[in-house]
Structure formats: structure tokens, C-alpha cells
Amino acid sequence: MAVLSSVSSLLPFSSYGANRLTTKASLASITSGFNLSSRWNSTRNPSRLHLSRAVTINSGNTEVSENETAPRTYAWPDNKRPRVCILGGGFGGLYTALRLESLVWPDDKKPQVVLVDQSERFVFKPMLYELLSGEVDVWEIAPRFSDLLTNTGIKFLRDRVKTLLPCDHVGVNGSESFITGGTVLLESGFKIEYDWLVLALGAESKLDVVPGAMELAFPFYTLEDAIKLNEKLSKLERKNFKDGSAIKVAVVGCGYAGVELAATISERLQDRGIVQSINVSKNILTSAPNGNREAAMKVLMSRKVQLLLGYLVKSIKRASDSEEDEGYLLELQPAERGLESQTIEADIVLWTVGAKPLLTKLEPSGPNVLPLNARGQAETDETLRVKGHPRIFALGDSSSLRESNGKLLPTTAQVAFQEADFAGWNIWAAINNRPLLPFRFQNLGEMMTLGRYDAAISPSFIEGLTLEGPIGHAARKLAYLIRLPTDEHRLKVGISWFAKSAVDSIALLQSNLTKVLSGS
């Protein structure tokens, strides 16, 4: 989420943040990603997901009658044209669909595309921080799929994936068992027969590593997470207004997500809160360019963020047995010599460490397998095809693609965005019997938000350069505007951001004039 990220504000939140997000309370029930039941195969081979070619379900969601025993088949409009099913509507899935739509096809070979996601909205995750600062509105960074795909031939299904039933398994002799792709079974009872499948299911926060984290910590990975966190902060801000008690926030992890959260929340709370950031390493942003790390450290120090470096979180528990007392205790264990164990108090615990691919949550039911690595990602070749399954492509968090040096590519928005471009092209090439292109990641640099008018950008094409402050903020925001999904949405958001900037500039000018006149 952090490679190429964004900004917050120097104004008190009550004037901009709460108003925009509390009006979006109806979105609190919306989640992104796929929250599926899971079942693993034999412990002899835990790194493989077993799949079958046939399945029967006994019930679905409220749309399926209790007496219905066979899955309903999705009706493709044209039985002759290729059928492409894309699972997951994040950067990998949505942008692959849009890439397929933009390519030039022979009339009889242009594929029919169906996109499946359990959320009704695409979420531009690198800008979730701006929802907390109030710099953006929900519709700007989380538009509905129905709006984005209005003028395209892409069909959208809001549903959850239950089981994969591939028919393209390559045997030991290298031959393909079937000439068609397979079937996807959805939790609603639909089954989708496909010729080509794209796995872009994304990931979810990994909270089950520390006692108490699953029940008490706030993840920050989805639109729903951002809305829930904003509601919690607003509640504590109202309490602070009444009794003046300091708001204590503990952020676990000092990677990009943790640092961006700490910077955004410390700016929002100002002297009304205490933000503590905990990291197992003695440094923050260990994999980031030096310029970004130095800019972040400077901002965190200026906002009095307390850095607890070299510590592991051993457990999280309630401060008291009372349900009304919402305080928490974090037991910290030293990860470095020379440090002592300690316990800190917090009103909110934010968890930014670790993620697990949602591909592992698909329900297995048969002999066929997808090769998964230890992290639960599909093993792919350099063309993004899943090994042993020539009609299945995997990208983003679902893929374990490696660079030429053998290192796994990071699961960032920048990587998924580039993979989507290649996946779309390679599906075109496969359908038209052309050679597939090997994916080559081009690191364009790294960006992060440090506040409403502050950011840090280290472009890869100019060694040693880091843009900070308002210049970095403007450049980052422009880069993300360009990366929004469609021309129509970019235009709407661009006009909205320009109008907001104009209003903010006028307000700042009036404030400065008032200070000058009052001083004279």
C-alpha cells in the first residue's frame, strides 16, 4: 500500500475529517477483499490448494432457495467469444479488465469479461490515509464498480468466491487435460464457466500472530477499516473535548503503513493525543530509500511521536474487566539487547504488520492443485501464468512472482498495476496465438504521505532526489490522479481536488490577512 502513497492536514479534524466520513456511515458494512471459509488439505503437503472439477452445494445466500441443490450457471451473452473471469476488483483485477477492454481485438475474438468482487467499490488503498485527514471523500478514492464500468463491456458481479474448479491442469507428460479453462463456484450459488481465469483476490491483515490482536486491534487495510477507525477517533475526540483526557494511540509496525498512519493521526490529534509507534527493528522504514526515511523521521519527531524501536508486542489485553473501559494494555518484549520489557496503555491499537493472501481461503474439494508457496501465493512463471495451469493468471497478492535475482516482488499497488498491464496483454496474446511477454517490474520510486500538506517522494530515475513537504504532496497527488481507473473518474476527481485546493488557499489567505491586520 505504501509504494507510491499520500497526505493529511494542519487544520483540526473537526473542521474537515469527521463531517466527510460520518456522513458515509452507511458504508461501514462494506468490506473489500474476500472473506471466505477455509479448509486445508493433507498435512503431508500443506503448501498446495486442492481443487476439483465437479461440486454440489446445498445452500447459498439469501438469493438462493433452501431447496436448491445445484449451482446456477452464469449466462454468458455470446457462446462463441472467449470468456474471461477475473476474481478480485483491486489494482490487479480491475486494471486487467480495463486493459482487456482497451486492446484492439478481431470481432470474433474480443473476450467477454466478468469481474467478481464482494464489495461494490474499488478502493484506491494508497489514499486511505486521506480519509482520516479529510482531504478526500469516499467517492473519490472508492468509486462504485457500476460507475467505473458503465461505458465498458465488462460485467460486474458482487459475490464471494467459494471454490475453483480448473480443467486446464497440465499432467506430468506436459499434455493438457481439457481445452477449456474450468469453473468458479460463488457463495451465492452461481457458477461461472470460463476459458481464462485471473486470480487477483488480494490479501487481508494478519492479526492472529499475537494474543489479543484479533479481538482488540484495529487493522488498516480496507475501506471499512478506515471508516471504523475514523469513527473510533471521532468518539475519542468528543470525549477529549468533554474531559480533556489525552487520546493514546499505539501503532504496531513502522513500515510504510505504520509510519503514514502515525504521521496522519499525530497531525490530526495535535496536542490532544499521544502517538506511540512500535517496531521490532531499531529503525523505521527499513526497506525504504534513505530520503523517505529521513523525511519521515523528521516529521515524526516534529509531531512528538514516541518511537519504541527494538520491541515485539507480546500480547494485547483490556486494561480492566469493565466493558465500559475501552483502554488496552500492550506488553512489549525486547527484540534487541539492552532493552527492558515494558507495558504501555492505549485507547486505540492499530495493527499494520503482516498480511495473508485470500487465495488460501478458497474451499478445496478435489484432486487438482494450484501450487502455492509458504505464504499462500500461487507459483507463477514469468508470464504471470500459474505453473501447471496455462489458462490461469495470478497477480498482486495472489502471485509469488520473483525478480531475476530470485527475490519475491513486493505486494504493492505499483507492482499490481504493472502486472495488470502485462496480464491483459498476455491474455490477448494467448487468445490470438501470439507469444506471451515475460513480466519485468520497473520500480518508478516510492511515495508516502506525511500529512495533509506533506509527503515524501523518492523517484528511482533520479538517484538521491527526494521531494518533501508541499512539493512532494502535490507531486504525489498528481501521480495518483493519473493512476485512477478511468478517464471519466479522473476528470471528476481532478475537478473536485482543484476546487478543494482553491477553497483551502482562500481560507489560508484570509487567515494570514487576519493575523497581519490584528498585529498592526
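- UniProt, in the comment section headed Cofactor (unreviewed entry), describes the protein in these words: "FAD".

### Describing the overall build of the protein
Link 1 in the chain: When you go through the protein residue by residue, the secondary structure sums to twelve helices and 25 strands.
Link 2 in the chain: Within the protein, the proportion of its 520 residues that are buried is 53%.
Link 3 in the chain: Here the analysis covers contacts within the protein between residues at least 6 apart in sequence; of these, 71% occur between residues at least 24 apart.
Link 4 in the chain: For the protein, the computed accessible surface area is about 23,600 Å², with 53% contributed by carbon and sulfur atoms.

### Some words on helix 11 (residues 469-483)
Link 1 in the chain: The end-to-end C-alpha separation of helix 11 is 21 Å, in line with the 21 Å expected for 15 residues at 1.5 Å each.
Link 2 in the chain: Within helix 11 the residues assigned to the buried category are Gly-469, Gly-472, His-473, Arg-476, Lys-477, Tyr-480, Leu-481 and Arg-483.

### Observations regarding the sheet that holds strand 18 (residues 348-351)
Link 1 in the chain: Read across the open sheet, the five strands follow the order 11-18-12-13-14; overall the sheet is parallel. Strands with a single pairing partner mark the edges of an open sheet, and in this sheet they are strand 11 (218-219) and strand 14 (306-309).

### Observations concerning unusual backbone geometry
Link 1 in the chain: For Leu-384, which is not glycine, the phi dihedral falls at a positive 80 degrees.
Link 2 in the chain: Assignment of secondary structure puts Leu-384 in the loop between strand 20 (368-371) and strand 21 (385-386).
Link 3 in the chain: Using a relative accessible area of 0% as the deciding quantity, one classes Leu-384 as buried.
Link 4 in the chain: A positive phi angle, near 55 degrees, is found at Asn-433, a position not held by glycine.
Link 5 in the chain: Relative to the helices and strands, Asn-433 is located in the loop between helix 10 (413-431) and strand 23 (445-451).

### Comments concerning the pattern of salt bridges
Link 1 in the chain: Throughout the structure, instances matching the rule amount to 28 salt bridges.
Link 2 in the chain: Two residues, Asp-78 and Arg-81, come together in a salt bridge whose shortest N-O distance is 3.4 Å.
Link 3 in the chain: Classification of Asp-78 as partly exposed rests on a relative accessible area of 26%.
Link 4 in the chain: Judged by its relative accessible area of 22%, Arg-81 falls in the partly exposed class.
Link 5 in the chain: Between Asp-195 and Arg-83 there is a salt bridge; the shortest N-O distance is 3.1 Å. Of the two residues, Asp-195 is situated in the loop between strand 8 (190-194) and strand 9 (196-199) and Arg-83 in strand 3 (residues 83-87); the sequence distance between them amounts to 112 residues.
Link 6 in the chain: Exposure remark for Asp-195: the relative accessible area of 13% places this residue in the buried category.
Link 7 in the chain: Each member of the salt-bridge network shares a partner with another, and the members are Glu-120, Arg-121, Arg-144 and Arg-158.

Here is what the cut-offs are and how they apply
Residues numbered from 1 in each chain as written. Predicted model: local features only at pLDDT ≥ 70, side-chain atom pairs only at ≥ 80, totals over all residues. Heavy atoms only, no water. UniProt positions renumbered as here; feature names shortened; annotations may be inferred. Helix = DSSP H or I, 4+ residues; strand = E, 2+ residues; numbered from the N terminus. Buried < 20%, exposed > 50% of the residue type's maximum accessible area, 1.4 Å probe, protein only. Contact = heavy atoms within 4.5 Å. Areas by Shrake-Rupley, 256 points an atom, 1.4 Å probe, with all protein chains shown as cover. Expected span 1.5 Å × (residues − 1). Pairing = 2+ DSSP bridges. Salt bridge = Lys/Arg side-chain N within 4 Å of Asp/Glu carboxyl O.

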